[in-house]
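# Results of the structural survey
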Amino acid sequence: MKTVTIQKCVHYYGDEPLKALERALEPLGGMERFVRPGQTVLLKPNLLRRSRPEELVTTHPAVVRAAVELVKRAGGKPVIGDSPGAALAHTRNTLLKLYRACGLERVARETGAGLALEPGQHTVPLPRGRTVKRIEIIDCALKADVIISLAKLKTHSFTLLT
């Protein structure tokens, strides 16, 4: 049986997001269960589009900041990165504008986390796939030792919930 944890985070101020993330990870063995010293850890927020944090469209920067802190405590090297829609059209400059608008460029600057600005992706074969035989994966994910998805739980026009 798999363990799923859910923690309420009343607001995005102060240490509330960090405490909520710590509580969520505690039953799983903490961040140290997933991150070893020296590993490069991709923190993948849900960057749908350029939007301010208060619009609540993308993963809030306070949540990403909390994850950066826990990865660093575990000895990992955090890198913030994602491939928003129409990734092939993105350049280094447009990705930086996206991170800046969403508040993540500031998180990277203030915490020392890396910021994935390379828009490249590669096709990766899935030889054992039944219907999907290959997928496109962003370069920063291929370079990471560990990937932590920080997807935002929200409603979605196509799938109702993501």
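A few points on the structure. A quick note: this is a predicted structure, and the numbers were derived from the prediction, not measured.

With that settled, the discussion passes to the sheet that holds strand 3 (residues 114–115). Read from one edge to the other, the open sheet built from four strands follows the order 3-2-1-6, with strand pairing classed as parallel. The open sheet is flanked by strand 3 and strand 6 (146–150), the only strands paired with a single partner. For strand 1 (residues 40–45) and strand 2 (residues 77–80), the ladder comprises four bridges, and the chain directions are parallel. Within the sheet, the bridge partner assigned to Leu43 lies in strand 2 and is Ile80.

Let us look at the nonpolar core. Counting residues in hydrophobic clusters, the biggest one holds 36 residues, and the most contacted among them are Met31, Leu43, Ile80, Tyr99 and Ile148. Elements supplying a minimum of two residues to this core: helix 1 (16–25), strand 1, helix 2 (61–73), helix 3 (92–102), helix 4 (104–111), helix 5 (139–143) and strand 6. With sequence-adjacent residues up to four places away left out, Met31 is seen in contact with Leu25, Ala67, Leu70, Val71, Ala74 and Ile148.

Let's shift gears to the environment of Val35. Within the secondary structure, Val35 sits in the loop between helix 1 and strand 1. Judged by relative accessible area, which is 1%, Val35 ranks as buried. Remark: the alpha-carbon pair of Val35 and Lys72, spanning 37 residues in sequence, is separated by 9.2 Å. In this view, Val35 contacts Val41, Val71, Ala74, Gly76 and Ile148; residues no more than four positions away in its chain are not counted.

The rules behind these values
- Residues numbered from 1 in each chain as written.
- Predicted model: local features only at pLDDT ≥ 70, side-chain atom pairs only at ≥ 80, totals over all residues.
- Heavy atoms only, no water.
- Pairing = 2+ DSSP bridges.
- Helix = DSSP H or I, 4+ residues; strand = E, 2+ residues; numbered from the N terminus.
- Core = buried A, V, L, I, M, F, W, Y, C linked by side-chain atoms within 4.5 Å.
- Buried < 20%, exposed > 50% of the residue type's maximum accessible area, 1.4 Å probe, protein only.
- Contact = heavy atoms within 4.5 Å.

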